[in-house]
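Examination of the molecular architecture
For reference, the chains in residue letters:
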Amino acid sequence: PGAFKPPPRGKTADKPLPLGLTPEDPRVILGLVGHPNVGKSSLLNALIGRKVVSVKSTPGHTKILQTITLDERTCLCDSPGVVFPRVDIPPAAQVIGMLIPPAQVR
């Protein structure tokens, strides 16, 4: 068979577009998600080639979703660190294991 041909602009390949996007304005959104203090913001700055989001060495610095537009079709999203609570691990062990940001320790 021949090479793959994408559907004409304004048409879909029998699948709805995700997130309420329209065929007239398809946008790709790439999200950086992970544990706190693993370098998500630093990676975003490196991909852009300059400082576009603030970076700190302490966990929990990024507090809101930050969206950076690369071009008319592509966005990068930096997110705060994601930590799921562990009820089977005592709070003291969670602090030692850096699962709880130091700012939340009382």
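Considerations on the sheet that holds strand β1 (residues 28-32)
Strand order across the open sheet formed by three strands is β1-β3-β2, with mixed pairing between neighbours. In this open sheet, the two strands that pair with only one neighbour each are β1 and β2 (66-71). Pairwise comparison of adjacent strand axes, ignoring direction, gives a mean angle of 20 degrees for this sheet.

Here's the deal with the pairing of β2
Across a regular strand the side chains alternate sides, sitting on one face of the sheet and then on the other. As defined by bridge partners, β2 adjoins strand β3 (residues 74-78) across five bridges and the pair is classed as antiparallel. Paired with T69 across the bridge in β3 is C75. Between β2 and β3, which pair antiparallel in sequence order, lie two residues.

Quick word on the environment of G31
For G31, the position within the fold is in strand β1. On the basis of relative accessibility, which here comes to 53%, the residue G31 falls in the exposed class. Separated by 48 residues in sequence, G31 and S79 have C-alpha atoms that sit 7.4 Å apart.

Points about the nonpolar core
L32, L44, V53, I68 and L76 together form the largest nonpolar core, which totals five residues. Dropping the residues within four chain positions of it, L32 is found in contact with K40, L43, L44, C77, D78 and S79.

As for the confidence of the model for the chain
Within the chain, residue pLDDT values average 75, and 71% of them lie at 70 or more. The least confident element of the chain is helix α2 (residues 91-96), whose mean pLDDT is 79; the most confident is helix α1 (residues 40-48), at 88.

Let's talk about α1
Of all the residues in α1, the buried ones are K40, S41, L44 and N45. Taken down its axis, α1 places every buried residue within 140 degrees of arc, on the same side. Those residues of α1 that are exposed and aimed more than 90 degrees away from the buried face are A46 and L47.

Focus on the side chain of S41
With respect to the helices and strands, the residue S41 is situated in helix α1. The class of S41 is buried, set by a relative accessible area of 9%. Polar side-chain contacts of S41 include one of 2.4 Å to the side chain of D78. Not counting chain neighbours up to four residues away, the residues in contact with S41 comprise V53, S54, V55, T62 and D78.

A few points about the pairing of β3
For β3, a buried count of five out of five residues is recorded, marking the element as mostly surrounded by other parts of the structure. Residues T74, L76 and D78 point to one face of β3 and C75 and C77 to the other, with burial holding for every one of them. Strand direction decides the pairing type here: β1 and β3, joined by five bridges, are parallel. Each bridged residue has a counterpart across the sheet, and for L30 the counterpart in β3 is L76.

Rules behind the numbers
Residues numbered from 1 in each chain as written. Predicted model: local features only at pLDDT ≥ 70, side-chain atom pairs only at ≥ 80, totals over all residues. Heavy atoms only, no water. Pairing = 2+ DSSP bridges. Helix = DSSP H or I, 4+ residues; strand = E, 2+ residues; numbered from the N terminus. Axes fitted to C-alpha atoms, helices over the stretch in contact; angles between N-to-C directions. Buried < 20%, exposed > 50% of the residue type's maximum accessible area, 1.4 Å probe, protein only. Core = buried A, V, L, I, M, F, W, Y, C linked by side-chain atoms within 4.5 Å. Contact = heavy atoms within 4.5 Å. pLDDT = per-residue confidence, 0-100. Arc of directions from axis to C-beta. Polar contact = N/O pair within 3.5 Å; in protein donor to acceptor, adjacent residues only side chain to side chain.

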